[in-house]
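Listed here are the chains, written in short residue letters.
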Amino acid sequence: MQDELKTDADASEHPEKDTMPSLEALLKAAELQAAEHHDAWLRAKAETENMRRRAAEDVDKARKFAVENFASELMAVKDSLEAALAAESPSVENLRDGVELTLKQLTAAFGKFNLNDIDPLGEKFDPHLHQAIQVVESDQPANTVVTVLQKGYRLNERTLRPALVMVAKGPGG
């Protein structure tokens, strides 16, 4: 009990220890904290703007140079065609062989970049892959592609150009 009285007496002897900090001190601490938060917010805002700018630059570069690898592959095809035209007196056989090799180069470049032919002869007509130019009499089943006028092309799974086709009307149709 004496200990309790002693602590109460100590508290009454030193009243400044248990009192609240002054309003000026609280205000100064709040201002410091607000300044820290404001600085952190400005830094976060600047970092966000920098990230947004870098992302926009990356997208712009990707758009500009998206076909760079494909273009590099096509340069070899162009070189082959120019070499064929530069030949002094090529024979028909040499020209044919050169064109076949150049076509192989072009086909390999297309394959490397998932650019594939749509050659639907004998297949069922698909409006997503084919464009029917004419419907013709045929002994094949109705809606079967009987003639391909121009091949189509797909890049990955997207149709770039539908194949131009003639479709069977069907027997007795």
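Up top is the structure.
A. Inspection of the overall build of the protein chain at higher detail. A tally of regular secondary structure across the protein chain gives 4 helices and 6 strands. When the helices and strands of the protein chain are placed in sequence order, the string is α-α-α-α-β-β-β-β-β-β. For the protein chain, the residues scored as buried account for 13% of the 173 residues in total. Considering only residue pairs separated by 6 or more positions, the protein chain has 63% of its internal contacts joining residues 24 or more positions apart. Surface summary for the protein chain: the accessible area is close to 13,900 Å², and the carbon and sulfur share equals 57%.

B. Quick peek at the packing of aromatic side chains. Scanning all chains against the criterion turns up 3 aromatic pairs. Taking the centre distance of 6.1 Å and the plane angle of 25° together, the rings of F70 and F110 count as stacked. With F70 in helix 3 (residues 68–86) and F110 in helix 4 (residues 92–112), the pair connects residues that are 40 residues apart, well separated along the chain. For F70, a relative accessible area of 21% puts it in the partly exposed group. Given a relative accessible area of 17%, F110 falls into the buried group. Aromatic rings pair up to connect F70, F110, F113 and Y153 into one cluster.

The rules behind the values
Residues numbered from 1 in each chain as written. Predicted model: local features only at pLDDT ≥ 70, side-chain atom pairs only at ≥ 80, totals over all residues. Heavy atoms only, no water. Helix = DSSP H or I, 4+ residues; strand = E, 2+ residues; numbered from the N terminus. Buried < 20%, exposed > 50% of the residue type's maximum accessible area, 1.4 Å probe, protein only. Contact = heavy atoms within 4.5 Å. Areas by Shrake-Rupley, 256 points an atom, 1.4 Å probe, with all protein chains shown as cover. Phe/Tyr/Trp six-rings, centres within 6.5 Å; stacked < 30°, edge-to-face > 60°.

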